[in-house]
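Listed here are the chains, written in short residue letters.
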Amino acid sequence: MGAKMVEFNGWDMPVEYPASIGCGIVAEHIAVRTGVGIFDVSHMGDIRLAGREALAAVQHISMNDASRLAIGQAQYSALLYPQGTFVDDVIVHRLGEDEYLLVINAGTREKDFNWVRDNTRQFDCAVENLSDDFTQIAIQGPKGVDVLQKLTDANLSAVKFYWVTRGTILLVDKSMRRYLSDTLIARTGYTAEDGFEIYVPSDEATSTWVWNRILEAGKEFGAVPCGLGARNTLRLEGKLPLYGHEISDTINVWEAGLDRFCKMEKPDFIGRAALEKAKAEGVKKTLVGLEMIDRGIARDDYKILDDSAREIGYVTSGSPAPFLKKNIALAYVPPARSGIGTTVKVEVRGQGVCAQVVPTPFYKRAKRT
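Everything numeric here is computed off the predicted structure, so don't read it as measured data.

Undergrad: Mind showing me how you'd approach the pairing of strand β6 (residues 86-96) here?
TA: On a regular strand, each side chain points to the face opposite its neighbour's, so the side chains alternate between the two faces of the sheet. The element β6 is extensively covered by neighbouring structure, given that 11 of its 11 residues are classed as buried. Bridge analysis of strand β5 (residues 74-80) against β6 gives 7 bridges, and the strand direction is antiparallel. Across the sheet, the residue bridging to Tyr-76 is Ile-91, located in β6. The turn linking β5 back onto β6 is made up of 5 residues, and Gly-84 within it adopts a positive phi angle of 85°. Examined bridge by bridge, β6 and strand β7 (residues 99-104) share 5 bridges and lie antiparallel to one another. Each residue of the ladder has a partner; that of Arg-94, found in β7, is Tyr-100. Joining the antiparallel neighbours β6 and β7 is a turn of 2 residues.

Take a look at the structure:
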């Protein structure tokens, strides 16, 4: 489709699609906020745990409480090292009585699978790497439900956010019907917007066909294909963490501000003891949202300075926010400099540019009525 392509964690990925078809990072971002955008996110990984002790295994390796999940429900969680830092953040789906699917990041696929397999050997459950079995397509935005409903017999209005269902992808020729009669449809995403992610067989013919049908069905709603650029600005507006930026193997749960997803009251899990200790000791840095006051853009890894030009932190992600029309960033700073309204400076091309700590997420979607 003429997209600008880059290497991303071993994948050849579109950053943005051409302006000639109404795209570009800003146009794609706005489409998702106001209408619908379509992403190929097949680079994401998938790990299936199934068997008599699948729940116990998931509970052992993840920080959220999977015992709360009903069949068909999903939750945001994370896999932690013994020191309480991040292996990866994941979405845990409960697909059956004793069946769970972990959706993991592209850059950590092999590491995550090996870690899950090695740390669940004592449980009676099978661990499978299904990452190459699916093409994952995300239909994101307030009109995403209208686009996908044209293509499926599943009642999408009955699917709540962070729940999954199965349904037939319709309008298919007979040769493909057998592949697409039991498609996994999840009301999840990484854009801070409503939307769906569907999992279809990864062979090229099926994947291409489904991608084209979705774009075709979305024409009346102004659907556009979207790349990594818009995916990044959308998740930044929503303060959704990215591995290697807001979370990593050197950052713990408290520092990242993800404690609401960490259920310390559940049975023991990997990293819990270290987190208890870290909480008692207090954090040395904390993640905040910044809005630039002066002209300038805070980019990833830029230094945060105090009034004396002393380095006190760093930017994890920074960019212009297309929908909010502001320059924003996420950054780690000392807790003493994390209060709303606190001013700091971001070193931009050797100069200290003024920024202010603001509430996050920067963007919150309107509730569905």
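Undergrad: Before we go on, may I ask you to explain helix α6 (residues 204-218) in this structure?
TA: Since the α-helix turns once every 3.6 residues, residues separated by three or four places project in the same direction. In a regular helix each residue adds 1.5 Å, so 15 residues correspond to 21 Å; α6 covers 21 Å between its end C-alpha atoms and thus fits that length. Turning to α6, its buried residues number three or more, namely Thr-206, Ser-207, Trp-209, Val-210, Trp-211, Ile-214, Leu-215, Ala-217 and Gly-218.

Undergrad: Would you mind showing me how to read the pattern of salt bridges here?
TA: When charged atoms on two side chains of opposite charge get close, those side chains can pair. Per the counting criterion, the structure on display carries 21 salt bridges. Notably, a salt bridge pairs Asp-182 with Arg-166, separated by 3.7 Å at the nearest N-O pair. With Asp-182 in the loop between α5 (174-177) and β11 (183-186) and Arg-166 in strand β10 (residues 164-167), this pair connects stretches of sequence that are 16 residues apart. With a relative accessible area of 47%, Asp-182 lands in the partly exposed category. A relative accessible area of 39% means that Arg-166 is categorised as partly exposed. The partner of Arg-213 in a salt bridge is Glu-216, with the nearest N and O atoms 3.3 Å apart. Taken together, the residues Arg-213 and Glu-216, both in helix α6 and 3 residues apart, mark about one turn of the helix. Overall, the relative accessible area of 22% leaves Arg-213 in the partly exposed class. What makes Glu-216 partly exposed here is its relative accessible area of 46%. Ionic contacts of the salt-bridge type, sharing partners, join the residues Arg-33, Glu-193 and Glu-237 into one network.

Conventions and cut-offs
- Residues numbered from 1 in each chain as written.
- Predicted model: local features only at pLDDT ≥ 70, side-chain atom pairs only at ≥ 80, totals over all residues.
- Heavy atoms only, no water.
- Buried < 20%, exposed > 50% of the residue type's maximum accessible area, 1.4 Å probe, protein only.
- Helix = DSSP H or I, 4+ residues; strand = E, 2+ residues; numbered from the N terminus.
- Pairing = 2+ DSSP bridges.
- Expected span 1.5 Å × (residues − 1).
- Salt bridge = Lys/Arg side-chain N within 4 Å of Asp/Glu carboxyl O.

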